[in-house]
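# Structure assessment
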Amino acid sequence: MAGPRVEVDGSIMEGGGQILRVSTALSCLLGLPLRVQKIRAGRSTPGLRPQHLSGLEMIRDLCDGQLEGAEIGSTEITFTPEKIKGGIHTADTKTAGSVCLLMQVSMPCVLFAASPSELHLKGGTNAEMAPQIDYTVMVFKPIVEKFGFIFNCDIKTRGYYPKGGGEVIVRMSPVKQLNPINLTERGCVTKIYGRAFVAGVLPFKVAKDMAAAAVRCIRKEIRDLYVNIQPVQEPKDQAFGNGNGIIIIAETSTGCLFAGSSLGKRDKVGIEAAEMLLANLRHGGTVDEYLQDQLIVFMALANGVSRIKTGPVTLHTQTAIHFAEQIAKAKFIVKKSEDEEDAAKDTYIIECQGIGMTNPNL
C-alpha cells in the first residue's frame, strides 16, 4: 500500500513541534509514508522532546504503523501508517507536555477510524506555550464541532508545569466526512466570562485578585457588559501540583468565541489575559489567533469550501497551510477582507477547497 515517502523539512517556517503534528496526522489519515528531517533544528534543544515523542507514538498506535528514529533528541523520523483503528489509546508525556497538543494531533485521525475511540491523555492541562484545557473545552470544542462531529472531554485531573500529572479522557465516534465551515460574520460581543484558578498551596486570594484585575482592565474598554470571572480553588483530588492562571472568553451574537489567557505567579496574569482578549477583539476576525491554525487541518479534510475571517495570519497558521497543501493537496487562498467594516483593520479571509476525505471504514 505504501507509495513514495512524503519528505518534510522540519526546520522551515514554525520549525517546531507543530510541523510534526500536522505532517504525521495527515500522513496517518492519507496512508502516506512520511519522513521528517531536521526536526526542531533551530530550537535551543533540537530534536524530539518527550511531548513530541508521546504524540508520535500515539499516532503510530492509532494505526498500527511503523515508526523509526523516535527517541529523545532525534532530528529525523520515518513513519509508515496502516489502517486507523478505534478503541482505547493512552499517551503520556511524563512531563508537563500539553495534553491539548496531544489532542490536536490525534483528533483528526480518530475521526476517520473504524470505530469509536477513547483517548487517555496525560501531562500538563494548563501549561505554558500551549492551549490550556479550558480553552480547548470552551473555545476550540464548540467551533470545531461545526465541522459535523462531537467529542466529549472529561478532565480527570489538572496538571501544571513543571510536574504535569494531569489526565484528560477524550471520547469520540468516527464520521463519514467533515462538513465545510463558514465563519465570516463577527457579530457583536454579547457576553464576557471566565475562570481564574489556583491549585495546590496557592491561596484563594490569588484567584480573586487575578479576576478583579482582569475585570478592571476589560471595563476600561468595554463598559456596557457584565464581566463574570469566577475565582476557583481547584479541589485537591482533581489537581496535581501547584498552579494558577486565568482564561477569559468573549462570545458574540453570531456564536464566535474569543479568548485571552495567562498562567503563572506574576501579579500581571489577570491583566495579561484581559489585554490578550481585547487585542483579539480589535481585529474584526471571527476566530482568535490561537484557533486559526487549529482549524486548518479540518478545513483541508472537509468536503467543500470553508472560509474563516481572521486577524493577522500567524506563523503557525501559515505553516499548517503549507503542509496541508504539500501533503493533503488541499487548496488555500488567503486574502485581505474586502468588507467595509474591516477596511481600517488587519483582517483576512482564509478560504480552503477541502479534499473531501471519506472514511473508508464506514
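Our subject is the structure that appears above.
We now turn to the structure provided with this report. What you see is a predicted model; the values in this text were computed from it and never measured. (Residues numbered from 1 in each chain as written. Predicted model: local features only at pLDDT ≥ 70, side-chain atom pairs only at ≥ 80, totals over all residues. Heavy atoms only, no water.)

### Concerning the overall build of the chain
The helix and strand inventory of the chain stands at eight helices and 17 strands. Since a compact globule built from 362 residues should have a radius of gyration of about 21 Å, the 20 Å found for the chain is in line with a globular shape. C-alpha extents for the chain along the principal axes are approximately 60 × 50 × 40 Å. Taken across its 362 residues, the chain has 57% of its residues classed as buried. Of the charged side chains in the chain, 40 are positive and 38 negative, and the gap between their average positions amounts to 3 Å. (Helix = DSSP H or I, 4+ residues; strand = E, 2+ residues; numbered from the N terminus. Rg over C-alpha atoms; globule rule 2.2 N^0.38 Å. Buried < 20%, exposed > 50% of the residue type's maximum accessible area, 1.4 Å probe, protein only. Lys, Arg positive; Asp, Glu negative; His and termini not counted. Charge placed at Lys NZ, Arg CZ, Asp CG, Glu CD.)

### Describing the pattern of salt bridges
For side chains bearing opposite charge, pairing can occur when the charged atoms are close. Within this structure, the stated rule accounts for 22 salt bridges. For R60, the salt bridge goes to D61, with nearest N and O atoms at 3.1 Å. By relative accessible area, which is 27% here, R60 ends up partly exposed. Since its relative accessible area comes to 31%, D61 is described here as partly exposed. One salt bridge in this structure joins E341 and K309, with 4.0 Å as the shortest N-O distance. Note that E341 is positioned in the loop between β16 (331-336) and β17 (348-353) and K309 in strand β15 (residues 305-310), a separation of 32 residues in sequence. (Salt bridge = Lys/Arg side-chain N within 4 Å of Asp/Glu carboxyl O.)

### Quick look at the packing of aromatic side chains
Per the stated rule, a full pass over the model turns up six aromatic pairs. Ring geometry for F149 and F298: centres 5.9 Å apart, planes at 25 degrees, overall stacked. Residue F149 is found in the loop between α4 (133-144) and β7 (151-159), and its partner F298 is found in helix α7 (residues 289-301); the two are separated by 149 residues along the sequence. When sorted by exposure, F149 lands in the same class as F298, which is buried. Connected via pairs of aromatic rings, a cluster forms that spans F140, F147, F149, F151 and F298. Positioned over the ring face of F151 is K141, at 5.3 Å from the centre of the ring. Stacked on the ring of F240, the Lys or Arg K163 has its end atom at 5.9 Å from the ring centre. (Phe/Tyr/Trp six-rings, centres within 6.5 Å; stacked < 30°, edge-to-face > 60°. Lys NZ or Arg CZ within 6 Å of the ring centre and 35° of its normal.)

### Comments concerning the side chain of Q18
Within the fold, Q18 resides in helix α1 (residues 17-30). For Q18, the residues in contact, after removing those within four places along its chain, are D293, H316, T319 and A320. (Contact = heavy atoms within 4.5 Å.)

### What to know about the sheet that holds strand β10 (residues 189-199)
Sheet strands associate in pairs through backbone hydrogen bonding, adopting either a parallel or an antiparallel arrangement. Taken in spatial order, the four strands line up as β11-β10-β13-β14 in an open sheet, and their pairing is mixed. Taken across any chain shown, the strands that pair with only one partner, and hence form the sheet edges, are β11 (227-233) and β14 (257-263). This sheet shows a mean twist of 15 degrees between the axes of neighbouring strands, independent of strand direction. Docked against the sheet, α4 engages β10, β13 (243-252) and β14, running at close to 165 degrees with respect to β14. (Pairing = 2+ DSSP bridges. Axes fitted to C-alpha atoms, helices over the stretch in contact; angles between N-to-C directions.)

### Side note on the packing of helix α2 (residues 50-62) against helix α3 (residues 99-111)
Relative orientation of the contacting elements α2 and α3 amounts to 15 degrees, with a least axis distance of 9 Å. Our classification of the angle between α2 and α3 gives roughly parallel. Handedness of the α2/α3 crossing: right-handed. Facing α2, whose interface residues are Q51, S54, G55, M58, I59 and L62, α3 presents L102, V105, S106, C109 and V110. For the contact of α2 with α3, a count of residues per class yields seven nonpolar, four polar and no charged. (Parallel < 35°, antiparallel > 145°, perpendicular 65-115°, else oblique. Left-handed = near helix turned anticlockwise from the far one by under 90°. Nonpolar A, V, L, I, M, F, W, Y, C, P; charged D, E, K, R; others polar.)

### Description of the side chain of S262
Position of S262 relative to the elements: it lies in strand β14. Here E272 takes part through its side chain, which lies 2.6 Å from a polar atom of the side chain of S262. Ignoring sequence-local partners within four residues, the contact set of S262 consists of Q132, G245, I246, V269, E272 and A273. (Polar contact = N/O pair within 3.5 Å; in protein donor to acceptor, adjacent residues only side chain to side chain.)

### Observations concerning the packing of α7 against helix α8 (residues 315-328)
Following both chains from N to C, one finds α7 and α8 inclined at 15 degrees, their axes separated by 8 Å at the closest point. Between α7 and α8, the angle falls in the class roughly parallel. Considering only the axes of α7 and α8, their crossing is right-handed. On α8, the residues touching Q292, D293, I296 and A300 of α7 are H316, T317, A320, I321 and A324. Partitioned by chemical class, the residues of the contact of α7 with α8 number five nonpolar, three polar and one charged.

### Details of the layout of surface pockets
Using a probe with the size of a water molecule, rolled over the atoms, empty space left in the structure can be pinpointed. In this model, the largest pocket occupies a volume close to 1200 Å³. If you list the elements that add at least two residues to the lining of the largest pocket, you get α1, α2, α3, β14, α6 (269-282) and α7. Counting residues per element, the lining of the largest pocket draws most heavily on α7, at four residues. Within the lining of the largest pocket, the residues separate by chemical class into twelve nonpolar, 17 polar and ten charged. Put simply, the second largest pocket is a space of about 150 Å³. Around the second largest pocket, the lining residues are N126, A127, E128, Y160, Y161, F197, N242, G243, N244, L263, G264 and K265. For the lining of the second largest pocket, the residue count by class is five nonpolar, five polar and two charged. (1 Å grid on protein atoms, 1.4 Å probe; cavity = no way out; pocket = protein on both sides within 12 Å on 5 of 7 lines; lining within 4 Å. Points joined across faces, edges and corners; volume = space filled by probe spheres on them.)

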